[in-house]
Amino acid sequence: MSHKSILVNLDADRSNVAVVKAASALAQRWNARLIGFCAADAYLPVTGPEGATLAGEVWQQMRDDDERRFKDRRKEFEALVAGAAETEWRDAMERPTYALVQASRAADLVVMQAADGAATRDTARRSDPGSAVLQTGRPLLIVGTGTEHRIGRKIVVAWKDTKESRRAVFDAIPLLQAADDVIVVTVASTIDQWARASIADITAFLARHGVAARNETVESYRESDSLIALVDRYDADLVVSGAFGHSRLREWAFGGMTRSLLDETRLNRFMSS
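As the structure is a computational prediction, the values presented were derived from the model and not from experiment.

Enquirer: Help me understand the overall build of the chain, please; the structure alone is not making it clear to me.
Expert: Within the chain one finds 10 helices and 10 strands. Looking at the chain residue by residue over its 273 residues, the buried ones come to 51%. Put simply, 79% of the contacts in the chain that link residues at least 6 apart link residues at least 24 apart. Carbon and sulfur atoms make up 48% of the accessible area of the chain, which totals about 12600 Å².

Enquirer: Where do I start with helix α8 (residues 223-234) in this structure?
Expert: An α-helical turn contains 3.6 residues, so a residue and the one three or four places further along point in the same direction. Taking 1.5 Å of rise per residue, 12 residues should cover 16 Å, and α8 covers 17 Å from first to last C-alpha, within 8% of that figure. Packing partners of the buried residues in α8 comprise β6 (154-158), β7 (181-188), β8 (214-219), β9 (238-242) and α10 (257-263). After α8 finishes, the residue D235 shows a positive phi value of roughly 55°.

Enquirer: Would you take a moment to explain the sheet that holds strand β2 (residues 33-40) for this structure?
Expert: Two modes of strand pairing occur in sheets, parallel and antiparallel, and in both the strands are linked by backbone hydrogen bonds. The strand order β3-β2-β1-β4-β5-β10-β9-β6-β7-β8 describes an open sheet built from 10 strands, whose pairing is mixed. Bordering the open sheet on either side are β3 (87-93) and β8, each of which pairs with just one other strand. Taken pair by pair, the neighbouring strands of this sheet meet at an average axis angle of 20°, ignoring direction. Of the strand pairs in this sheet, β6 and β9 are connected by 4 bridges, and their pairing is parallel. By the bridge assignment, V157 is partnered in β9 with V240. Where helix α3 (residues 96-103) meets the sheet, it contacts β1 (5-10), β2, β3 and β4 (109-113), and its direction lies at approximately 155° from that of β2. With respect to the sheet, helix α7 (residues 193-208) is in contact with β7 and β8, its orientation differing from that of β7 by roughly 160°.

Enquirer: Just checking my understanding: could you explain the nonpolar core for this structure?
Expert: Across soluble globular proteins, nonpolar side chains have a tendency to be buried as a group. Judged by nonpolar contacts, the single largest core of 45 residues is most densely connected at L34 and V111. Per element, the largest residue contribution to this core is 7 residues, and it comes from helix α1 (residues 17-30). I35, A132, I183 and V218 belong to the second largest nonpolar core, which has 36 residues in total.

Enquirer: Any chance you could explain the pattern of salt bridges here in plain terms?
Expert: Between side chains of opposite charge, a pair can form as their charged atoms come close. Scanning the entire structure with this criterion turns up 22 salt bridges. Salt-bridge contacts for E78 lead to R74; the nearest nitrogen and oxygen are separated by 3.0 Å. Taken together, the residues span about one helical turn, with E78 and R74 both in helix α2 (residues 52-81) at a distance of 4 residues. Accessibility expressed as a relative area gives 38% for E78, which makes it partly exposed. For R74, a relative accessible area of 39% corresponds to the partly exposed category.

Enquirer: Would you mind going over the side chain of S127 with me for this structure?
Expert: Summarising the element assignment, S127 is placed in the loop between β4 and α4 (129-135). A distance of 3.3 Å separates a polar atom in the side chain of S127 from the backbone oxygen of P96.

Enquirer: What should I look at first to understand the environment of G144 in this one?
Expert: For G144, the location among the structural elements is in the loop between β5 (140-143) and β6. Between the alpha carbons of G144 and D237 there is a distance of 9.3 Å; along the sequence they are 93 residues apart. If we skip the residues at most four places from it in the chain, G144 touches T265, R266, L267, N268 and R269.

Enquirer: Hey, could you run me through the pairing of β1 in this one?
Expert: Side chains on a regular strand alternate between the two faces of the sheet. By the criterion of burial, β1 is predominantly enclosed, with 6 of the 6 residues buried. Residues S5, L7 and N9 line one face of β1 and the alternating positions I6, V8 and L10 line the opposite face, and both faces are buried. Looking at chain direction, β1 and β2 are connected through 6 bridges and run parallel. Within β2, the residue paired with I6 across the bridge is L34. Assessed by its sense of winding, the connection that carries the chain from β1 through α1 to β2 is right-handed.

Enquirer: Hey, could you run me through α7 in this one?
Expert: Between its first and last C-alpha, α7 extends 23 Å over 16 residues, near the 22 Å set by a 1.5 Å rise per residue. The set of residues buried in α7 consists of A195, S198, I199, I202, T203 and L206. Along the axis of α7, the buried residues cluster in a sector spanning 130°; they form a single face. Exposed residues on α7 whose side chains face more than 90 degrees from its buried face are Q193, W194, D201 and R208. Those residues of α7 that are buried are in contact with α5 (163-171), α6 (173-178), β7 and β8. The residue sitting at the N-terminus of α7 and contributing the capping side-chain oxygen is D192; that oxygen lies 3.3 Å from the backbone nitrogen of W194. In the stretch just after α7, G210 is the one whose phi turns positive, near 80°.

Cut-off values and rules
- Residues numbered from 1 in each chain as written.
- Predicted model: local features only at pLDDT ≥ 70, side-chain atom pairs only at ≥ 80, totals over all residues.
- Heavy atoms only, no water.
- Helix = DSSP H or I, 4+ residues; strand = E, 2+ residues; numbered from the N terminus.
- Buried < 20%, exposed > 50% of the residue type's maximum accessible area, 1.4 Å probe, protein only.
- Contact = heavy atoms within 4.5 Å.
- Areas by Shrake-Rupley, 256 points an atom, 1.4 Å probe, with all protein chains shown as cover.
- Expected span 1.5 Å × (residues − 1).
- Pairing = 2+ DSSP bridges.
- Axes fitted to C-alpha atoms, helices over the stretch in contact; angles between N-to-C directions.
- Core = buried A, V, L, I, M, F, W, Y, C linked by side-chain atoms within 4.5 Å.
- Salt bridge = Lys/Arg side-chain N within 4 Å of Asp/Glu carboxyl O.
- Polar contact = N/O pair within 3.5 Å; in protein donor to acceptor, adjacent residues only side chain to side chain.
- Right-handed = clockwise from strand over helix to strand, strands pointing away.
- Arc of directions from axis to C-beta.

Here it is in structure tokens:
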């Protein structure tokens, strides 16, 4: 089992070296097609009727600038991949998250960076990771800051018995099979027999797919903090988790595991919903 088509999302206005190199390494590992993708939308200047003509000229200039940026991003992408994988290029003059959702139908896996954390501040220029993981219908690999090119030597699976976690574990099997060490972790305020049976089942499921995972349970009321502390203690370079087991509105208002992981921009995070 492996992913045969990977879409890597490039930001129009900043460096994409880490995310492209990480995606290229995965494409090379799986002999997958690598799709470079970039989208941006020009702001429509707000003016009165007397400034409509000038506003239109400014808007067109911004779109022309973005066309040049797309060409620059394509050159960056092709230079970084440098023949390591079969490639394709796509770009869109559209809101980045919307365009990414549309383009994701061509891929098994979407790779992106998200330096702003859980919520993108500039939705006309950058894709929002929280929206992307909910809407693409594809697993999302969010590359952390300062990432090495090879992701997944030591993986922590943040396990809860939800459909989102089950989906994430299944989607991550190609990465888990190639890892040197896999730890399945359940963090909860109470660890009961049901939780122990659940984590034992998922560890056995992975073993049947050739993944020799160990498991650990942590009893804590501060689930997110305890999970991140454990990731740091094990020096893991990837966290696999389901996304938004509660409603996204609740996570944004009160906090939750998904939001906490998205805000940990230094981590590599693999999420499915």
